[in-house]
Amino acid sequence: MSEPQTRSDEFLELVRRSRQGRLKVFLGPAAGVGKTYRMLQEAQQLKKRGVDVVVGVVESHGRAETMALVEGLECVPPRKIEYRGVELAELDLDAVKRRAPEIALIDEVAHTNAPGSGHKKRYEDILDLLRVGIHVYCAFNIQHLESLNDVVRKATGVKVHETVPDSFLRRADQIINIDLPPDDLLERLRAGKIYPQDRVAWALGNFFQVQNLTALRELSLREVAEAVGRAQPTDGSQKLVQPAERATGGRVMVCLSSRSPRTRSLLRRASRMAGRLNVHWYALYVETPSEGPTRIDASTQRHLFDGQQMARDLGADVQHIKATEPVEGILEFARANGVTDIVIGVTDQPWYKQVFGLTVPQRLVRRAQGFDLHLLSSEEVPR
């Protein structure tokens, strides 16, 4: 039996046992490695065995090999949306729900839907399908994972604007890494199998450079390895990825500030830490009397709200408590909730606060006995 069919069997067994929608993710380092091709390949195998599979949306990018694998599969027609005089084609979520297949194929997970769609992002469409019991095969590239946004920018010099929250990937029941060495990927690019020939030179001079592809490949392999490490297999195999708590216990907590310019970077790094340790993690904001809702301006409130929402997207348990003094509130919450690792950002402070040890991180260093304290300083990436 071929490897693709073996893995299809594993996922199909999950599907048959489940009353909830199951999620299978095809993850790769870059465009052109074969994520969509592999997804369609497995879909064709399942169709031959009588499984009800439909295409919700597949982006072939004009690749003949990919388009050939769509043939014979039922496709739900896209929803047409007119925006600024241009007709856009989007996943017709309601039509897929009415069709109610056993498995739906959804490509380009990080895609931002056109204005007027039911959800802002395509990954939200997928979550909607899972909630109504439709199982989903989907695909995206590692650079779109939210917690890796800063890492990818530093490694490749590219700022990725469309992202998928880590909580989505952790929702996956199975993750398949589609790997291709950089030299092979570049050969495919030059042969016109990824982009049209008029875009090849541009791609080679930008994203498709060996050092970039190597870095992305390492990130993809590492992410899948960590996901497998978090898994609790249902059949003795390490291929099925499901949430699991680290056997040794312990939890991570990141401290949010209403005014920090580095919130997004801090949350991404805390998310990666919690993922590597395979533990539950909190994002805690301590509201002091000086930061009550009537005492902070609208822009500060918005900054805090956005940070809390991003923490939820990354999979954090967001908590908002009140305390007279922030350090006391942080430590009290940590002790009460089994936190072992406290993460806090270090920002520039006036010299007199640094000299007299009046900053929150400095006070935590003095008082956080029994905890692992992580002081992170990083430049926030402009949006």
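Our subject in this report is the structure included herewith. (Residues numbered from 1 in each chain as written. Predicted model: local features only at pLDDT ≥ 70, side-chain atom pairs only at ≥ 80, totals over all residues. Heavy atoms only, no water.)

**Structural notes on the nonpolar core**
Ranked by internal contacts, the top residues of the largest apolar core, which has 68 residues, are Leu23, Val25, Leu105, Ile126, Phe168 and Phe208. Discounting chain neighbours no more than four positions away, the residues touching Phe168 are Leu23, Val25, Val109, Tyr123, Ile126, Leu127, Cys138 and Phe140. Counting 20 residues, the second-largest nonpolar core is a separate cluster that includes Ala270, Trp281, Leu314 and Ala316. (Core = buried A, V, L, I, M, F, W, Y, C linked by side-chain atoms within 4.5 Å. Buried < 20%, exposed > 50% of the residue type's maximum accessible area, 1.4 Å probe, protein only. Contact = heavy atoms within 4.5 Å.)

**Some details on the packing of aromatic side chains**
The full count for this structure, using the stated rule, is six aromatic pairs. For the ring pair Tyr123 and Phe168, a centre distance of 6.1 Å and an interplane angle of 65° mean the geometry is edge-to-face. With Tyr123 in helix α5 (residues 122–131) and Phe168 in helix α7 (residues 166–170), the pair connects residues that are 45 residues apart, well separated along the chain. We note that Tyr123, like Phe168, is buried. A centroid spacing of 5.8 Å and a plane angle of 85° characterise the contact between Tyr195 and Phe208, whose relative ring orientation is edge-to-face. Note that Tyr195 is positioned in the loop between α8 (182–190) and α9 (197–205) and Phe208 in the loop between α9 and α10 (210–230), a separation of 13 residues in sequence. Judged by its relative accessible area of 16%, Tyr195 falls in the buried class. The exposure class of Phe208 is buried, given its relative accessible area of 3%. What links up through ring pairs into an aromatic cluster is the set Tyr123, Phe140 and Phe168. The residue whose ring lies beneath Arg199 is Tyr195, and the NZ or CZ to ring-centre distance is 4.4 Å. (Phe/Tyr/Trp six-rings, centres within 6.5 Å; stacked < 30°, edge-to-face > 60°. Helix = DSSP H or I, 4+ residues; strand = E, 2+ residues; numbered from the N terminus. Lys NZ or Arg CZ within 6 Å of the ring centre and 35° of its normal.)

**Thoughts on the sheet that holds strand β3 (residues 74–75)**
With respect to topology, six strands assemble into an open sheet ordered β3-β2-β6-β7-β1-β8, the strand pairing being parallel. Pairing within the sheet leaves two strands with one partner each, and these edge strands are β3 and β8 (174–177). The strands that helix α2 (residues 35–48) touches are β1 (23–28), β2 (53–57), β6 (103–106), β7 (135–141) and β8; relative to β7, the one it contacts most, it runs at about 160°. (Pairing = 2+ DSSP bridges. Axes fitted to C-alpha atoms, helices over the stretch in contact; angles between N-to-C directions.)

**Regarding the sheet that holds strand β9 (residues 251–256)**
With parallel pairing, the five strands of this open sheet are ordered in space as β11-β10-β9-β12-β13. The sheet terminates laterally at β11 (317–322) and β13 (372–376), the two strands that pair on one side only. Direction aside, the axes of adjacent strands within the sheet are offset by 25° on average. Where strand β12 (residues 339–345) lies against β13, five bridges are found, and the strand directions are parallel. Bridge pairing in β13 places Ile342 opposite Leu373.

**What to know about helix α11 (residues 263–277)**
If you check α11, its first and last C-alpha atoms are 21 Å apart, about what 15 residues at 1.5 Å a residue would give, namely 21 Å. Extensive coverage of α11 is indicated by the burial of 12 of its 15 residues. Along α11, the residues that are buried comprise Thr263, Arg264, Ser265, Leu266, Leu267, Arg268, Ala270, Ser271, Arg272, Met273, Ala274 and Gly275. Directly beyond the C-terminal end of α11, a positive phi value near 60° is found at Asn278. (Expected span 1.5 Å × (residues − 1).)

**As for the packing of α11 against helix α12 (residues 298–313)**
Where α11 contacts α12, the axes come no closer than 10 Å and their chain directions differ by 20°. Here α11 is positioned roughly parallel relative to α12, judged by the angle of their axes. The element α11 and its partner α12 pack so that their crossing is right-handed. When α11 is examined against α12, the residues Thr263, Arg264, Leu267 and Arg268 are found in contact with a partner set consisting of His303, Gly307, Met310 and Ala311. A class-by-class count of the residues in the contact of α11 with α12 yields three nonpolar, three polar and two charged. (Parallel < 35°, antiparallel > 145°, perpendicular 65-115°, else oblique. Left-handed = near helix turned anticlockwise from the far one by under 90°. Nonpolar A, V, L, I, M, F, W, Y, C, P; charged D, E, K, R; others polar.)

**Some details on unusual backbone geometry**
Backbone geometry follows two general trends: most residues other than glycine have a negative phi, and most peptide bonds adopt the trans configuration. Backbone geometry at Arg84 places phi at a positive 55°, although glycine is not the residue there. Its location among the elements puts Arg84 in the loop between β4 (79–83) and β5 (86–90). Residue Ala100 is not a glycine yet carries a positive backbone phi of 50°. Positionally, Ala100 belongs in the loop between α4 (93–99) and β6. Judged by its relative accessible area of 45%, Ala100 falls in the partly exposed class.

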